[in-house]
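Observations on chain architecture
This is what each chain is made of:
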Amino acid sequence: MSSMLAQPIKLKRPSALRALAYVALFALGAVVGVAGALVQPAWFPGGLLLAVAGEAGLLLGAGRAMGSRAGAVAPAGGWMISVILLTASRPEGDFLFGTGVSSYLFLLGGMAIAVICATLAPVRQPGGDGVRLGN
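Residues numbered from 1 in each chain as written. Predicted model: local features only at pLDDT ≥ 70, side-chain atom pairs only at ≥ 80, totals over all residues. Heavy atoms only, no water.

**Details of the overall build of the chain**
To be explicit about the condition: Where helices and strands are cited, they refer to DSSP runs of H or I of at least four residues and of E of at least two residues respectively, numbered from the N terminus. Throughout, exposure labels follow a simple rule: accessible area from a 1.4 Å probe, protein chains only, divided by the maximum for the residue type, with under 20% read as buried, over 50% as exposed, and the rest as partly exposed. Residues are treated as being in contact if the distance between any of their heavy atoms lies within 4.5 Å.
The helix and strand tally for the chain stands at four helices and zero strands. Element order for the chain, N to C, with α for helix and β for strand: α-α-α-α. In the chain, which comprises 135 residues, the share counted as buried stands at 30%. Contacts in the chain between residues far apart in sequence, at least 24 positions, make up 76% of those at least 6 positions apart.

**Concerning the packing of helix α3 (residues 69-87) against helix α4 (residues 101-120)**
What counts, and what does not: Note on method: axes are straight lines fitted to C-alpha atoms, helices fitted across the in-contact stretch only, with angles between N-to-C directions ranging 0 to 180 degrees. For classification purposes, angles smaller than 35 degrees are called roughly parallel, those larger than 145 roughly antiparallel, those between 65 and 115 roughly perpendicular, and all remaining angles oblique. By definition, turning the near helix anticlockwise from the far helix through less than a right angle yields a left-handed crossing, and turning it clockwise yields a right-handed one.
Axis separation between α3 and α4 bottoms out at 9 Å; the angle between their running directions is 165 degrees. As the angle between them shows, α3 and α4 are arranged roughly antiparallel. Along this stretch, α3 crosses α4, giving a crossing that reads as left-handed. Of α4, the residues touching α3 (which contributes R69, A72, V73, A76, W79, M80, V83 and T87) are F106, L107, G110, M111, A114, C117, A118 and T119.

**Quick word on the packing of aromatic side chains**
We apply this condition: Classification of ring pairs rests on two measures: the distance between centres of Phe, Tyr or Trp rings, Trp counted by its six-membered ring, which must be within 6.5 Å, and the angle between planes, read as stacked under 30 degrees, edge-to-face over 60 and tilted in between.
Scanning the model with the defined rule gives one aromatic pair in all. Measuring from centroid to centroid gives 5.5 Å for W79 and F106, while their planes differ by 65 degrees, and the two rings are edge-to-face. Here W79 is found in helix α3, whereas its partner F106 is found in helix α4, with 27 residues between them in sequence. A relative accessible area of 1% means that W79 is categorised as buried. Here F106 falls in the buried class, since its relative accessible area comes to 0%.

**Side note on the packing of helix α2 (residues 44-66) against α3**
What counts here: As a working rule, the residues Ala, Val, Leu, Ile, Met, Phe, Trp, Tyr, Cys and Pro are called nonpolar, Asp, Glu, Lys and Arg charged, and the rest polar, with Gly in that last group.
At a closest axis distance of 6 Å, the pairing of α2 and α3 adopts a crossing angle of 145 degrees. Contacts from E55, L58, L59, A62, G63 and M66 in α2 reach G71, A72, P75, A76 and W79 in α3. Taken together, the residues of the contact of α2 with α3 sort by class into eight nonpolar, two polar and one charged.

These results come straight from atomic positions and should not be treated as a statement about function.
As structure tokens, then:
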């Protein structure tokens, strides 16, 4: 009898409904990123906490709802891309983020929250009795 650890992992494609859910979570992450960018400078300590808590809630909820780390990574990717695009200045000189402490805390804190939530998300485990170690 060979060990399950020595066997190659057989990955299957996600279903169309699951792929659509990941795309929707990506878009929702982008919306939360834009909303957080607008809320965090409005009320300095409260707006920043609300923006970061909204992102953390979305990422943890998505990871638990999808039952995988990809469920938390999809909205984190949408959040990250939208926030990075909002930091770029336009040719007219307009930009959304100021150079204050709040903006940097939102950017760096949001990235740290994304890593933490993706790490805390549940990982799919193979089913069956034959895959339990120590038996």
